[in-house]
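Examining the three-dimensional arrangement
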Amino acid sequence: MNTKIVILGSTGSVGRQTAEVAADLGVEVIALAASRDIKTMETQARRFKPRFVTMSDERAAAELKIQLADTDIDVRCGRESLLESASQPDADIIFNSIGQSAGLEPTLSALSAGKRLALANKESIVIAGELVMRTAKESGGEIIPVDSEHSAIYQCLAAGRRADVSRLLLTASGGPFYGMKPNQLEAITPAQALAHPTWKMGQKITIDSATLMNKGFEVIEAMHLFGVAPDSIEVLIHRESIIHSMVEYTDNAVIAQLSLPDMRLCAQYAMTAPERVPGLMQRLDLTEIVSLTFAKPDYESFPLLRLAYDCAKEGGVLPAVLNAADEVAVSQFLDGYIGFGDISRIVKRVVAKIPNKSAPSLSELKAASDEAVLEAAALCKSLH
Ligand code: MG
């Protein structure tokens, strides 16, 4: 394939799978970026021979430089180099699979440069949806979602006109605690929450899947990406993770995208869209799956999903506040300082406390996020 790509966050779960797909399709990788996983980065750098690689961690960059001394790959460090990777003039597609809020600046940088952005970093849209979509529009940039649900919707939208869409049906596996009542959730340990039934993912997103915060973020993401009001986005529990989402049109026809749960398909489609090519994914055998089931989500056990809808409707800085508070609460839970049930209580309190502001600038979004981090940290500390 005659395509040149950049992979940001290449050593994380989605980044590694994107690299696997790139190697399989023979796509040229011209730059890589990650935070501190030197071992994976060295392997990727030797495999793809990019012009340069960026490690955001200074020590990791220095060590990698020594490891790659026998190659002519330039090893760099820091924000400037990361943003330069995100806007490489001859790159056809920028893959952004950086974790959490650190992905926002590279997203804006790629879109400002008018690039096609394959976006796995949903936080970019959750934090700054209006700004991200406006930047894409103004600079001629384009977003191809890599999040499986949004990739599915993107594919389903090929079946009709945007103006004829009546609803998006966003599927959710329900996570490992599906069916549990609020009191049963209190004693959940990090190890239990990290065991996701159908998807293999990074730690933060796995916890977010267990609280359904991830699905809430995806509602906000879908609202911005596809220009649909939150009330027209319905979350549907679908335990088998075979239907990755659906689009309902005004004539009540529903178009679905089905495949085995495998992020490599989402990465590959973003690499080849609108074309399709054979790849690494297994064929779906529906007779083996036998049945596909659906249910409504339990908003009482998983209150963060409802809170995300509220923040989506309110807009302004609230989605950014929601994201920042959740980042703190999840990391405190993983470190064993707070309980599973505390995550939603803390996030709710932070969202209620921080005043909203409409049409925020990037710096206002950052200020609100910083405030949310401090608030959430203080609330967590009071529980230690
Ligand atoms: Mg998803």
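Residues numbered from 1 in each chain as written. Predicted model: local features only at pLDDT ≥ 70, side-chain atom pairs only at ≥ 80, totals over all residues. Heavy atoms only, no water.

The end-to-end C-alpha distance of helix H1 (residues 13–25) is 19 Å, a good match for the 18 Å that 13 residues give at a rise of 1.5 Å each. What H1 keeps buried is the set Gly15, Gln17, Thr18, Ala19, Val21, Ala22 and Leu25. Tucked into the core, H1 has its buried residues touching strand E1 (4–8), strand E2 (28–34), helix H2 (38–48), strand E5 (93–96) and helix H12 (263–272). With its phi angle positive at about 70°, Gly26 sits one or two positions after the end of H1. (Helix = DSSP H or I, 4+ residues; strand = E, 2+ residues; numbered from the N terminus. Expected span 1.5 Å × (residues − 1). Buried < 20%, exposed > 50% of the residue type's maximum accessible area, 1.4 Å probe, protein only. Contact = heavy atoms within 4.5 Å.)

With that settled, the discussion passes to the coordination of the magnesium ion. All of the protein donors around the magnesium ion are Asp147 (OD), Glu149 (OE) and Glu218 (OE); their distances to the metal are 2.1 to 2.2 Å. Mapping the donors of the magnesium ion onto the primary sequence gives the spacing D-x1-E-x68-E. With a gap of 69 residues between them, Glu149 in helix H7 (residues 148–156) and Glu218 in helix H11 (residues 213–226) connect regions that are remote in the sequence. As far as burial versus exposure is concerned, Glu149 and Glu218 are alike and both buried. (Donors = N, O, S within 2.8 Å, 3.2 Å for Na, K, Ca; no water.)

Along any regular strand the residues' side chains alternate between the sheet's two faces. Taken together, the five bridges between strand E10 (residues 243–249) and strand E11 (residues 254–258) define a ladder with antiparallel strand orientation. Bridged to Ser245 within E11 is Gln257. What sits between E10 and E11 in their antiparallel hairpin is a turn of four residues, with Asn252 showing a positive phi close to 70°. (Pairing = 2+ DSSP bridges.)

What follows is about the packing of helix H14 (residues 303–314) against helix H15 (residues 318–334). Running from N to C, H14 and H15 point in directions that differ by 150°, and their axes come no closer than 8 Å. The angle between the axes of H14 and H15 places the two elements in the roughly antiparallel class. Across the interface between the two elements, Leu304, Leu307, Ala308, Cys311 and Glu314 of H14 pack against Leu318, Pro319, Leu322 and Asp326 of H15. Partitioned by chemical class, the residues of the contact of H14 with H15 number seven nonpolar, no polar and two charged. (Axes fitted to C-alpha atoms, helices over the stretch in contact; angles between N-to-C directions. Parallel < 35°, antiparallel > 145°, perpendicular 65-115°, else oblique. Nonpolar A, V, L, I, M, F, W, Y, C, P; charged D, E, K, R; others polar.)

With that settled, consider the domain arrangement of the protein chain. Along its sequence, the protein chain is carved into domain 1 (4–145) and domain 2 (315–384). If you average the C-alpha positions of domain 1 and of domain 2, the two centres end up 27 Å apart. The interface is formed by 11 residues belonging to domain 1 together with nine residues belonging to domain 2. Buried area between domain 1 and domain 2, both sides added, is near 790 Å², and the carbon and sulfur share of it is 60%. Counting the surface domain 1 buries against domain 2, the share from its top three residues, Val126, Ile127 and Leu131, is 48%. At the junction of domain 1 and domain 2, the tally comes to zero salt bridges. Taken together, the links from domain 1 to domain 2 amount to one residue pair in polar contact (both at pLDDT 80 or more). Within the residue set of the side of domain 1 that touches domain 2, elements represented by two or more residues are helix H5 (104–112) and helix H6 (122–139). The leading source of residues in the side of domain 1 that touches domain 2 is H6, at six residues. (Domains from an automatic or database assignment. Buried area = accessible area lost by both parts, 1.4 Å probe. Salt bridge = Lys/Arg side-chain N within 4 Å of Asp/Glu carboxyl O. Polar contact = N/O pair within 3.5 Å; in protein donor to acceptor, adjacent residues only side chain to side chain.)

Before going further, it helps to spend a moment on the sheet that holds strand E9 (residues 233–237). Strand order in the open sheet formed by four strands is E9-E8-E10-E11, and the pairing between neighbours is mixed. Since the sheet does not close on itself, it has two edges, and those belong to E9 and E11, each with one partner. With direction set aside, neighbouring strand axes in the sheet form an average angle of 20°. In this fold H7 packs onto strand E8 (165–172), E10 and E11, with an angle of close to 40° to the strand it touches most, E10. Sheet strands in contact with H11 are E8 and E9, and its direction is about 150° off that of E8.

Turning next to the side chain of Ser241. Positionally, Ser241 belongs in the loop between E9 and E10. Its relative accessible area of 5% is what places Ser241 among the buried residues. Beyond its immediate chain neighbours, meaning those up to four positions away, Ser241 contacts Ser173, Thr198, Trp199, Ser259 and Pro261.

As a further point, take the pattern of salt bridges. Scanning the model with the defined rule gives 26 salt bridges in all. One salt bridge in this structure joins Asp57 and Arg36, with 3.9 Å as the shortest N-O distance. Taken as a pair, Asp57 in the loop between strand E3 (52–55) and helix H3 (58–67) and Arg36 in the loop between E2 and H2 lie far apart in primary sequence, 21 residues in all. Judged by relative accessible area, which is 55%, Arg36 ranks as exposed. A salt bridge links Lys215 to Glu149, with the shortest nitrogen-to-oxygen separation between them at 2.7 Å. Note that Lys215 is positioned in helix H11 and Glu149 in helix H7, a separation of 66 residues in sequence.

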